[in-house]
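# Structural overview
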Amino acid sequence: MTVPDSPAPAPAAAIDKEALRRKYREERDKRLRADGNDQYLRLEGRLAHYLDDPYTPFVPREPRTDHVGFAFIGGGFAGLVTGARLVEAGIGDVRIVEKGGGLGGTWYWNRYPGAQCDTAAMVYMPLLEETGHRPSEKYTHGPEILAHCERIGRQYGLAGQALFHTEVTGLAWDEARALWRIRTNRGDDFSAQFIGLGTGPLHVPKLPGIPGIATFRGHSFHTSRWDYGYTGGDPLGAPMTKLAGQRVALIGTGATAVQCVPHLARDSGELFVFQRTPSSVDVRDNAPIDPAWFERIATPGWQQRWLENFTDNQAGGSASEDLVQDGWTDLAHRIRAKIRGLPREQMTPQHMMAAFEDADHEKMEQIRARADAIVRDPETARKLKAWYRQLCKRPCFHDEYLQAFNRPNTHLVDTDGKGVERITERGVVVAGIEYPVDCIVYASGFEVGTEYRRRAGFDLVGRGGETLSDHWAQGMRSLHGIHVHGFPNAFFVQPTQGANLISNVPHNLSEAARTIAAIVRHALDVNAREVEATRAAEDAWIALLLSGAGMMIGSPDCTPGYYNNEGQDPGPRAKHNVGYPAGASAYFRYLDDWRRSGRFDGLAFR
Ligand code: NDP
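Position labels on residues start from 1 in each chain and follow its written sequence. Only residues with pLDDT of 70 or above have their local features reported here, since the model is predicted, and side-chain atom pairs are shown and tallied only from 80 upward, although totals for entire chains, interfaces and linings are computed over all residues. Note: side-chain values were computed over all heavy atoms of the structure, leaving out hydrogens and water.

For the rest of this paragraph, the subject is the site of the ligand. Residue proximity to a molecule or strand is established when one non-hydrogen atom of the residue lies within 4 Å of it. Around the ligand sit 26 residues in total, of which Gln116, Thr256, Thr277, Lys393 and Tyr562 are the nearest. Take arginine 276: an N or O atom from its side chain is 2.8 Å from an oxygen atom of the ligand. Within 3.5 Å is the distance limit for a polar contact, defined as a pair of N or O atoms, with the added protein rule that one can donate a hydrogen and the other accept it, and that residues adjacent in sequence qualify only through two side-chain atoms. Within the backbone of valine 420, a nitrogen or oxygen atom sits 3.0 Å from a nitrogen atom of the ligand. Counted by class, the shell around the ligand contains twelve nonpolar, ten polar and four charged residues. Note that the domain bounds reflect an automated or database-derived domain assignment. When residues of the shell around the ligand are sorted by domain, at least three fall in each of domain 1 (12-51 + 205-284 + 352-442) and domain 2 (67-204 + 458-533 + 579-605). Residues are grouped as follows: nonpolar covers Ala, Val, Leu, Ile, Met, Phe, Trp, Tyr, Cys and Pro; charged covers Asp, Glu, Lys and Arg; every other residue, Gly included, is treated as polar.

Below you can see the structure in the form of structure tokens.
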């Protein structure tokens, strides 16, 4: 593998670990703030227009008051894979309810220039084998992924039955009729025997609570609502010709900004990138997928093999080969190699954690050296260096981000951890200096640490009128991350309390989808009107989860961000946000055996 612009790893022995730990603490402390998640603005009232859908016109329709077999909330990967597996199992009566104007979820909304998957497409894009689609690149770009979502929707007949631009406002279990009643902001009031929830963790955009934000007289938008009418260009990367001669501000330097900066740098008259915390940006090494190679490897069952291999390589498995070979598997290999290199008598948790830290220090030194190797201005290079452990924030991979700062029109405005000071009618203020701009693009991310009910816009009302918020008052409770006692015929499609595999979220969703399809098929075959996790099974699952070592990410020692609740104590409930103690690979094997056994232990069918 060629590794462009990548300096050699720094040997751990040459690193002053104590000095590095001190530097990490200093940089974290600079950024800690008492208001945590409250520093962000919710997009309502005067800010509500930031949520408008710039991509699809709103189409009026009559409210639905009918009945469907399965209603799924959310038309992203979760809804698509679950819908597809249900259809394959002979359950075709699936209605997706989606707040966007089409299918695709995150890929519907995030059409910013340069949007691209960060996990290799061969394992990231679901149902490749079933649809016969060959990804064009190792890391495909957004338009191809969105088109793939639409392809799945067409192939499985999900698109035609979906309700778009529709937000659920009420979900209540009707005990007498043994079905769910679903109400929406479009006046719908229909029922479903089963429901699925796949609303995703990152779907409510947020703005930073910068004083004066509403006074800006120029144009502004959030990256998940890209205004191509204003910028020109398109999601495929055509030049944003309307930005020529414009002064553009980009606020935020997370994974989204890393992908769109090269495009904004190319097309803007002047680009000002306002940085609070630098991302770690490692090598991307993207390449086209050779059709002849793909033909050779795409033998029956190939995608499942690749999925399992990717997960095995990095989440507790024992694969002898690495099919994907990317930044994620490399990260896992480095950590494992360090631990395996320990002498037998040092195979203790303490030494293993130290070895993990050594591997991290080596990698982060290499990533910091990459900034020096690529960015010509030494001061800019210095400011682009990330001072925290790699998994403290979302690791980024890109081969044009750092390079963009070599353009004379592209300026990094580092705020030394403080964030933008103020926004005026004319522009953005940092350290008392006003940067007049025509347009502000907010790459400020999505709500994460807030209540489920607030993000989803509804609460579930289950058996006996109990709400999901009440059931989860002391922390999330589930069986397998999929079923919740007291909420019959409802299925959750998400990673937590399951594999919790964050490097490839779709793998979690695909396994949940197979499981749900098998359960619903079984319920229909045995004429059960209800299926529900027993209290005992839920309790046992939670006890098992809590017996594990906890999360690898989210340490309070990290620089603040959504991985660690902005550096604030998340409270005792957060200890429930974990995965299967034996790791993701073991969870997938366990779930597969559980499903195939046909006994569905822990579920009651009535
Ligand atoms: P993030 O929440 O990761 O980033 C928000 C950015 O805004 C941070 O750099 C943050 O700084 C900055 N910010 C917040 N407040 C201020 C302020 N007052 N002044 C200046 N800067 C400020 O959002 P993203 O949209 O970048 O990414 C969200 C997630 O979406 C990712 O973590 C990833 O999981 C996913 N994603 C995945 C991609 C993929 O797979 N291809 C691509 C893009 C995103 P600070 O760090 O200091 O808080």
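So much for the structure itself; the text now carries on.
Pairing of aromatic rings covers Phe, Tyr and Trp, the last counted by its six-membered ring, and requires centre-to-centre distances within 6.5 Å; plane angles under 30 degrees mean stacked, over 60 mean edge-to-face, and any other angle means tilted. Within the structure shown, the criterion is met by 30 aromatic pairs. Geometrically, the ring pair formed by tyrosine 55 and tryptophan 109 is tilted, given 6.5 Å between the ring centres and 50° between the ring planes. Within this pair, whereas tyrosine 55 is found in the loop between strand E1 (40-41) and strand E2 (67-73), its partner tryptophan 109 is found in helix H3 (residues 106-109), the two being separated by 54 residues in sequence. For the residue pair tyrosine 55 and tryptophan 109, the accessibility class agrees, reading buried in each case. For the pair tryptophan 472 and phenylalanine 492, a centre-to-centre distance of 5.7 Å together with 45° between the ring planes defines the contact as tilted. Here tryptophan 472 is found in the loop between helix H16 (468-471) and strand E19 (490-492), whereas its partner phenylalanine 492 is found in strand E19, with 20 residues between them in sequence. Here the two residues tryptophan 472 and phenylalanine 492 agree in accessibility, since each one is buried. Joined through ring pairs, the aromatic side chains of Trp541, Tyr580, Tyr587, Phe588 and Tyr590 make up one cluster. Lying across the ring of tyrosine 55, arginine 111 places its NZ or CZ 4.1 Å from the centre. Numbering goes from the N terminus for both helices and strands, where a helix is a DSSP run of H or I of at least four residues and a strand is a run of E of at least two. Using a 1.4 Å probe on the protein chains alone, a residue whose accessible area is under 20% of its type maximum counts as buried, one over 50% counts as exposed, and one in between counts as partly exposed. A ring is scored as having a charge over it whenever the NZ atom of a lysine or the CZ atom of an arginine sits within 6 Å of its centre and within 35 degrees of its normal.

Note on terminology: a disulfide is the covalent bond linking the sulfur atoms of two cysteines. The disulfide criterion used throughout: a pair of cysteine sulfur atoms within 2.5 Å. One pass over the structure, following the stated rule, counts one disulfide. A disulfide bridge connects cysteine 392 with cysteine 558, and the sulfur atoms are separated by 2.0 Å. Between cysteine 392 and cysteine 558, the disulfide has an S-S torsion of -70° and is therefore left-handed. Residue cysteine 392 is located in the loop between helix H13 (378-383) and strand E12 (396-397), and its partner cysteine 558 is located in the loop between helix H18 (535-546) and helix H19 (584-597); the two are separated by 166 residues in the primary sequence. Like cysteine 558, cysteine 392 is buried.

Our focus in this paragraph is the sheet that holds strand E16 (residues 433-436). Strand pairing requires that DSSP identify at least two bridges connecting the strands. Taken together, three strands build an open sheet; the order of strands is E14-E15-E16 and the sheet is antiparallel. The open sheet terminates on both sides in strands that have one partner only, identified here as strand E14 (422-423) and E16.

What follows is about the pairing of E16. For strand E15 (residues 427-430) and E16, the ladder comprises four bridges, and the chain directions are antiparallel. Residue pairing across strands places valine 428 opposite tyrosine 435, the latter belonging to E16. Hairpin connection from E15 to E16: two residues lie between these consecutive antiparallel strands, with alanine 431 at a positive phi of about 50°.

Before going further, it helps to spend a moment on the pattern of salt bridges. A carboxyl oxygen of Asp or Glu within 4 Å of a side-chain nitrogen of Lys or Arg is what we treat as a salt bridge. Applying the stated criterion to the full structure yields 47 salt bridges. Between glutamate 425 and arginine 217 there is a salt bridge; the shortest N-O distance is 3.8 Å. Of this pair, glutamate 425 sits in the loop between E14 and E15 while arginine 217 sits in the loop between strand E7 (207-208) and strand E8 (219-222); the two residues are 208 residues apart in sequence, bridging distant segments of the chain. Judged by its relative accessible area of 44%, glutamate 425 is partly exposed. A salt bridge links arginine 370 to aspartate 399; its shortest N-O distance comes to 3.2 Å. Linking arginine 370 in helix H12 (residues 349-374) with aspartate 399 in the loop between E12 and helix H14 (401-404), this pair joins segments that are 29 residues apart in sequence. Overlapping salt bridges, with partners in common, bring together Lys23, Glu27, Lys30, Arg31, Asp416 and Lys418 in one network.

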